[in-house]
Amino acid sequence: VTKVVSQAEFVAALPEIVWYLDEPVADPALVPLYFIAREARKHVKVVLSGEGADELFGGYTIYREPLSLKPFDFLPKGVRRSVGKMATPLPDGMRGKSLLHRGSLTLEERYYGNARSFSDAQLRAVLPRFRADWVHTDVTAPLYAQSQGWDPVARMQHIDLFTWLRGDILVKADKMTMANSLELRVPFLDPEVFAVASRLPYDQKITRATTKYALRRALEPIVPAHVLNRPKLGFPVPIRHWLRSGELLDWAQAMVTSSGAGDLISLSAVRTLLDEHRTGVSDHSRRLWTVLIFMLWHAIFVEGSVTPQISRPDYPVQL
């Protein structure tokens, strides 16, 4: 079964989706997940899902970073810092600049998971109450303290398990399925599976050729090769294109104009981001999505200016 979601349908569903979320989770993938859950509930009551496999078995390509940055580990700390300073004057986007900068940082300094979209300068413009002393290590330092002595990939997985997985992945999966009266089961998070994954050595999770190495080997007799070895796809949503023209752009402009969250978000800065994105100057899609979802959440739960129309599809009765 194929379900094509139009821009108009996408926009119309947003208030209901944010209402079911209860909190402003800024992950565009939760919208198609909502529609998939709605379609699935027409046929079944319970579904299995793969949440947790990437965090437990090493599925994110960013987990390869310790391999590419390994040569920096042999440099004295002072030399590593100097390498980072050498990268500062290089033009943004220049090949190798990011590698030099990240190589000059410790794992605790450079890795904070998947959630950050704004630079400090962008945050300063968007948040009237921005404080430079609020840094990502406020969240990650206690978690890194728990993983002292582990291999670097395990430490990155630990960060993701207690931030990204718990605060985003499982939230959207649970809320979007429950919104459609669909029960979700996540077998990769079974305690026995977790125990096996936690004992895997570094080279059984990530190699230079693949991710989730041990899991792929274990599933070779079961899963067809064209599925097992295909590149990671994720759950992409075309907000980058839709925020440049059409119903989503119209909705975004109206949301900024009518928002009562101006004491928390600089509406003029958001308009600038929207204009730069619309004209192709920069890709601000994820940053815009973050503030727009917050504005919609604020309009529903704080201002009361948006009232979602909660729809409950007529599900077939199963006897």
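Our subject is the structure that appears above.
Residues numbered from 1 in each chain as written. Predicted model: local features only at pLDDT ≥ 70, side-chain atom pairs only at ≥ 80, totals over all residues. Heavy atoms only, no water.

Participant: Looking at this model, I keep getting lost on the overall build of the protein. Mind explaining?
Facilitator: Along its length, the protein carries 17 helices and two strands. In summary, the protein has a C-alpha radius of gyration of 22 Å against a globular reference of 20 Å for 319 residues, a match within 12%. Each principal axis of the C-alpha distribution contributes one length, and for the protein these read about 60 × 55 × 35 Å. The buried share among the 319 residues of the protein stands at 41%. Partitioning the intrachain contacts of the protein with sequence separation of at least 6 by distance along the chain shows that 77% fall at a separation of at least 24. Per element, the accessible surface of the protein, about 17600 Å² overall, is 58% carbon and sulfur. Taking the 39 positively charged and 34 negatively charged side chains of the protein as two groups, their mean positions are separated by 5 Å. (Helix = DSSP H or I, 4+ residues; strand = E, 2+ residues; numbered from the N terminus. Rg over C-alpha atoms; globule rule 2.2 N^0.38 Å. Buried < 20%, exposed > 50% of the residue type's maximum accessible area, 1.4 Å probe, protein only. Contact = heavy atoms within 4.5 Å. Areas by Shrake-Rupley, 256 points an atom, 1.4 Å probe, with all protein chains shown as cover. Lys, Arg positive; Asp, Glu negative; His and termini not counted. Charge placed at Lys NZ, Arg CZ, Asp CG, Glu CD.)

Participant: Which parts of the structure should I look at to understand helix H15 (residues 247–258)?
Facilitator: One full turn of an α-helix is made of 3.6 residues, so residues set three or four places apart face in the same direction. The terminal C-alpha atoms of H15, which comprises 12 residues, lie 16 Å apart, in line with the 16 Å expected from a rise of 1.5 Å per residue. Along H15, the residues that are buried comprise Leu248, Leu249, Trp251, Ala252, Met255 and Val256. All buried residues of H15 fall inside an arc of 160° around its axis, so they share one side. Residues Thr257 and Ser258 are exposed on H15 and point more than 90 degrees away from its buried face. Summarising the contacts, the buried residues of H15 are in contact with helix H1 (7–21), helix H14 (239–242), helix H16 (267–278) and helix H17 (285–303). (Expected span 1.5 Å × (residues − 1). Arc of directions from axis to C-beta.)

Participant: Is there a simple way to think about the packing of aromatic side chains in this case?
Facilitator: The description of an aromatic ring pair uses the distance of the two centres, along with the angle that the planes make with each other. Under the counting rule described, the total for this entry stands at eight aromatic pairs. Judged by centre distance (5.5 Å) and plane angle (85°), the rings of tyrosine 34 and phenylalanine 35 are edge-to-face. The exposure classification of tyrosine 34 matches that of phenylalanine 35, with both residues buried. Each ring, one from tyrosine 60 and one from tyrosine 63, has its centre 5.6 Å from the other, and the planes form 65°; the classification is edge-to-face. With a relative accessible area of 12%, tyrosine 60 lands in the buried category. By way of ring pairs, the aromatic residues Phe10, Trp242 and Trp289 are connected into one cluster. (Phe/Tyr/Trp six-rings, centres within 6.5 Å; stacked < 30°, edge-to-face > 60°.)

Participant: Looking at this structure, I do not really get H16. What am I missing?
Facilitator: Look at H16: 16 Å from first C-alpha to last across 12 residues, which is about the 16 Å you get at 1.5 Å a residue. Every buried residue of H16 is accounted for by Leu267, Ala269, Val270, Leu273, Leu274 and His277. Axial view of H16: buried residues confined to an arc of 160°, hence all on one face. Where H16 is buried, its residues touch helix H8 (120–126), H14, H15 and H17. Backbone geometry just downstream of H16 places glycine 280 in the positive-phi region, at approximately 85°.

Participant: I keep staring at the environment of leucine 228 and nothing clicks. Help me out?
Facilitator: Relative to the helices and strands, leucine 228 resides in helix H13 (residues 225–228). Placed 44 residues apart in sequence, leucine 228 and leucine 184 show a C-alpha to C-alpha distance of 23 Å. Discounting residues that sit within four places of it in the chain, leucine 228 has contacts with Arg216, Leu219, Glu220 and Val223.

Participant: I would appreciate a short explanation of a nonpolar patch on the surface in the present structure.
Facilitator: On the surface, a nonpolar cluster with roughly 350 Å² of combined accessible area is contributed by Trp19, Phe301, Val302 and Ile310. Mapped onto the secondary structure, phenylalanine 301 falls in helix H17. (Patch = residues over 30% accessible without salt bridge, like charges linked within 9 Å, V, L, I, M, F, W, Y side chains within 5 Å. Salt bridge = Lys/Arg side-chain N within 4 Å of Asp/Glu carboxyl O.)

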